[in-house]
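This is what each chain is made of:
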There are 2 protein chains.
Amino acid sequence: MNPRTGGERTAGSTRGAAPKQDRSRATRQRLLQSAVTCLAEHGWSGSTVTVVAEHAGVSRGAAQHHFPTREDLFTAAVEYVAEERSRALRELPTPASARAAVETLVGLYTGPLFRAALHLWVAASNEPQLGPRVTALEARIGRETHRMAVELLGVDERRPGVRETVQGLLDMARGLGLANLLTDDSARRERVVAQWARLLENALHG
Amino acid sequence: MNPRTGGERTAGSTRGAAPKQDRSRATRQRLLQSAVTCLAEHGWSGSTVTVVAEHAGVSRGAAQHHFPTREDLFTAAVEYVAEERSRALRELPTPASARAAVETLVGLYTGPLFRAALHLWVAASNEPQLGPRVTALEARIGRETHRMAVELLGVDERRPGVRETVQGLLDMARGLGLANLLTDDSARRERVVAQWARLLENALHG
């Protein structure tokens, strides 16, 4: 254990390294989760490294040790939460119906991650420092979400039109997320999802 | 003519009133158009009344005469441009195909008005001063857009599922607008529009 950290000394440097790494990883994860929460609640202009560090209960210095710039912190945060979400989704059993698959996919766009990502995309459209990184991140998340959608729906993309059908469905899910930004749109959304699940069922398996 | 404005005196107050009203209306329209341009290009945090007044070539005092607060200016601007857009759309002949109708509707979400509105919605989600006004504005624009979509598509909303199909299409259009925020998404969008126009043709008229 590094004596500068002032932590309790354990027997041998090898045994001490693992808990230190664990603590470092836990701090990093707390920062990433706090960054997404702050972005979703306060938007880009209200989300500074200081605000996130405070929310995570971490010193500003420790936050900057993990993430040298504000851009590093927020792009890493959106990417981390997107990966966590993908992991959780991969563990789900394949849905029994198109309706259940569409509900799961639309659900991806109505939670705090979408809200955080939306603030980041919109900020990136005006901030040259953020633009290229967020564009690359959006492309990665987009590809991964498309892959998950194809699996959840259990469709074969080699059939003509299937790829574009799935893409349009994800565009609709993104639009439903946007419609949920200012008001609770869940009642309307449920009816739209039921109808579009029927359309998809016919289009993909009909 | 009000002597305080220092303008050239014309013969009689009645003859002078109309040109003055015209100038006032023209100033107002320039401010509204500049507000949408600034919002689309610089986002909410970069769009102050001063920036808009400068862009419109109007003094800050004149801008504040028309719009006492920043919130007044930007909500009026998004509403004005949405109304101009509706007027232009109502003058179009009814499209010959579902494809043309879907293209027109998706086109509503890929121009500077959508970009400006998006900045306003996202800012409103974090700014209590803006929230209720933008929520009311979004509801009005949403209803009007839905009405236009029903007309363009030439469908009967009394048939079960039609209303939700149209709503989902507009959600998809909104999502396509969002996908166009950071990169030029037009090639992908064209393929998605072609495919969903086919699916909708079957769903709505099949």
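Given the structure is predicted, the values throughout are model-derived calculations rather than measurements.

Colleague: Teacher, can you tell me more about the interface of chain B and chain A here?
Modeller: By a widely used convention, the size of an interface equals the accessible area lost when the partners come together. On the chain A side, the residues contacting the 38 residues of chain B number 39 residues. Buried area between chain B and chain A, both sides added, is near 3300 Å², and the carbon and sulfur share of it is 67%. Its largest share of buried area at the contact with chain A, chain B owes to Leu178(B), Leu182(B) and Trp196(B), together 20% of the area lost on that side. Applying the counting criterion to the chain B and chain A interface returns two salt bridges. The partner of Arg188(A) in a salt bridge is Asp171(B), and the shortest N-O contact between them spans 2.9 Å. Our count for the contact surface shared by chain B and chain A stands at 15 residue pairs in polar contact (both at pLDDT 80 or more). Looking at the side of chain B that touches chain A, the elements that each hand over two or more residues are helix H1 (13-42), helix H6 (112-124), helix H7 (131-153), helix H8 (162-179) and helix H9 (186-205) of chain B. It is H8(B) that provides the largest number of residues to the side of chain B that touches chain A, a total of twelve residues. Residues of the side of chain B that touches chain A, tallied by class, amount to 18 nonpolar, 13 polar and seven charged.

Colleague: Help me understand the UniProt feature "domain: HTH tetR-type" (unreviewed entry) in chain A in this model?
Modeller: The sites that carry the UniProt feature "domain: HTH tetR-type" (unreviewed entry) are, in the present numbering, residues 25-85 of chain A. Helix makes up 80% of residues 25-85 of chain A and strand 0%. Its end C-alpha atoms lie 18 Å apart.

Colleague: Would you explain the relation of the copies chain B and chain A in this entry?
Modeller: The two chain copies are connected by a rotation around an axis plus a translation along it. With an RMSD of 0.1 Å, the fit of chain B onto chain A corresponds to turning through 180° and sliding 0.0 Å along the axis. What we have between these two chains is a two-fold relation. Both copies contact each other with a shared surface, as 100% of the interface residues of chain B are interface residues in chain A too.

Colleague: Where do I start with the UniProt feature "DNA-binding region" (unreviewed entry) in chain A in this structure?
Modeller: UniProt's entry tags residues 48-67 of chain A with the feature "DNA-binding region" (unreviewed entry), counted in the numbering of this structure. The span residues 48-67 of chain A carries 75% helix and 0% strand; its end-to-end C-alpha distance comes to 12 Å.

Colleague: Where do I start with the packing of aromatic side chains in this structure?
Modeller: Aromatic ring pairs: the centre-centre distance and the angle between the two ring planes describe each pair. If you walk through the whole model with that rule in mind, you get five aromatic pairs over all chains. Plain terms: the ring middles of Trp44(A) and Phe74(A) are 5.4 Å apart, the flat faces sit at 75° to each other, and that makes the pair edge-to-face. Taken as a pair, Trp44(A) in the loop between helix H1 (13-42) and helix H2 (49-56) and Phe74(A) in helix H4 (residues 70-90) lie far apart in primary sequence, 30 residues in all. Residues Trp196(A) and Trp196(B) carry aromatic rings whose centres are separated by 4.4 Å and whose planes lie at 25° to one another, so their mutual orientation is stacked. Note that Trp196(A) is positioned in helix H9 (residues 186-205) and Trp196(B) in helix H9, a pairing that runs across two chains.

Colleague: Before we go on, may I ask you to explain H9(B) in this structure?
Modeller: Each turn of an α-helix holds 3.6 residues, which means side chains three or four residues apart point in the same direction. In this model, H9(B) (20 residues) spans 27 Å end to end at C-alpha, consistent with the 28 Å of a helix rising 1.5 Å per residue. Among the residues of H9(B), Arg188(B), Arg189(B), Val192(B), Val193(B), Ala194(B), Gln195(B), Trp196(B), Ala197(B), Leu199(B), Leu200(B) and Leu204(B) are the ones counted as buried. Against the buried residues of H9(B) lie helix H8 (162-179) and H9 of chain A together with helix H5 (98-107), H7 and H8 of chain B.

Calculation criteria
Residues numbered from 1 in each chain as written. Chains lettered and ligands numbered in written order. Predicted model: local features only at pLDDT ≥ 70, side-chain atom pairs only at ≥ 80, totals over all residues. Heavy atoms only, no water. Contact = heavy atoms within 4.5 Å. Buried area = accessible area lost by both parts, 1.4 Å probe. Salt bridge = Lys/Arg side-chain N within 4 Å of Asp/Glu carboxyl O. Polar contact = N/O pair within 3.5 Å; in protein donor to acceptor, adjacent residues only side chain to side chain. Helix = DSSP H or I, 4+ residues; strand = E, 2+ residues; numbered from the N terminus. Nonpolar A, V, L, I, M, F, W, Y, C, P; charged D, E, K, R; others polar. UniProt positions renumbered as here; feature names shortened; annotations may be inferred. Least-squares fit on C-alpha atoms with pLDDT ≥ 70 in both. Phe/Tyr/Trp six-rings, centres within 6.5 Å; stacked < 30°, edge-to-face > 60°. Expected span 1.5 Å × (residues − 1). Buried < 20%, exposed > 50% of the residue type's maximum accessible area, 1.4 Å probe, protein only.

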